[in-house]
Amino acid sequence: MNINATLIVQIIVFAILVWFTMRFVWPPIAKALDERAGKIAEGLAAAERGKSDFEQAEKRVAELLAEGRNQVTEMVANAEKRAAQIVEEAKVQASSEAARITAQAKADVEQETNRAREALREQVAALAVKGAEQILRSEVNAEKHAQMLGMLKQEL
């Protein structure tokens, strides 16, 4: 056999092999590689979307926490203001109640004082009348009169 003929036959067989590979073998391999590259690209894109969604969710959670803290702080401040207001109202009410009770007690004391004075006046008048009666019933005697006036002083 001739080396040139072998070389030509080998080139023809190689050309047929390249043509067969390009026609039947290469397209499914290229298709599988393209599909795999697409899946990898989709996975990377999904990972990026997930990462950005996660970052947005973290930001939203931080905003919600800050808003919640602000609301809690505001509620506590309002509660403290309301408590101070209630205490102040209670103080005012207690002061007015104390003033009312004091005024009532003063009025009661004034009434009792007036009653005592009136009773004392009545007793003094009764004693004066009694003393005058005794003086007028008995004879006029300076010693007796002095004695009666002394007894009257003791009764007062």
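All values reported here derive from a predicted model rather than from experimental measurement.

A. Examining the overall build of the protein more closely. Secondary structure summary: the protein contains two helices and zero strands in total. In terms of overall size, the protein is more extended than a compact globule, its C-alpha atoms giving a radius of gyration of 62 Å where 156 residues would be expected to give roughly 15 Å. Projected onto its principal axes, the C-alpha positions of the protein cover 200 × 20 × 15 Å. A buried classification covers 3% of the 156 residues belonging to the protein. With the model as given, the accessible surface of the protein reaches about 13900 Å², and the carbon-plus-sulfur share is 63%. Of the side chains in the protein, 21 bear a positive and 23 a negative charge, and the two mean positions are spaced by 5 Å.

B. Focus on the pattern of salt bridges. On inspection of all chains with the given rule, the structure shows three salt bridges. Notably, a salt bridge pairs Glu 97 with Arg 100, separated by 2.5 Å at the nearest N-O pair. Of this pair, Glu 97 and Arg 100 both sit in helix H1 (residues 3-137), three residues apart, roughly one helical turn. According to the relative accessible area criterion, Arg 100 is partly exposed, its value standing at 47%.

C. The UniProt feature "transmembrane region" (unreviewed entry) in the protein, seen in detail. Listed under "transmembrane region" (unreviewed entry) in the UniProt record, and renumbered for this structure, are residues 6-26. Along residues 6-26, the helical share is 100% and the strand share 0%, with 27 Å between the first and last C-alpha atoms.

D. A look at the packing of aromatic side chains. One pass over the full model with this rule turns up two aromatic pairs. Considering the side-chain rings of Trp 19 and Phe 24, the 6.1 Å spacing of their centres and the 90° angle between planes classify their relative orientation as edge-to-face. The exposure class of Phe 24 is partly exposed, given its relative accessible area of 45%. Aromatic pair Phe 20 and Phe 24: ring centres 5.2 Å apart, planes at 45°, arrangement tilted. Remark: Phe 24 and Phe 20 occur in helix H1; sequence separation between them is four residues, near one turn of the helix. Note on Phe 20: relative accessible area 41%, which makes it partly exposed. Looking at Arg 23, its charged tip hangs above the ring of Phe 24, at a distance of 5.9 Å from the centre.

About the cut-offs
- Residues numbered from 1 in each chain as written.
- Predicted model: local features only at pLDDT ≥ 70, side-chain atom pairs only at ≥ 80, totals over all residues.
- Heavy atoms only, no water.
- Helix = DSSP H or I, 4+ residues; strand = E, 2+ residues; numbered from the N terminus.
- Rg over C-alpha atoms; globule rule 2.2 N^0.38 Å.
- Buried < 20%, exposed > 50% of the residue type's maximum accessible area, 1.4 Å probe, protein only.
- Areas by Shrake-Rupley, 256 points an atom, 1.4 Å probe, with all protein chains shown as cover.
- Lys, Arg positive; Asp, Glu negative; His and termini not counted.
- Charge placed at Lys NZ, Arg CZ, Asp CG, Glu CD.
- Salt bridge = Lys/Arg side-chain N within 4 Å of Asp/Glu carboxyl O.
- UniProt positions renumbered as here; feature names shortened; annotations may be inferred.
- Phe/Tyr/Trp six-rings, centres within 6.5 Å; stacked < 30°, edge-to-face > 60°.
- Lys NZ or Arg CZ within 6 Å of the ring centre and 35° of its normal.

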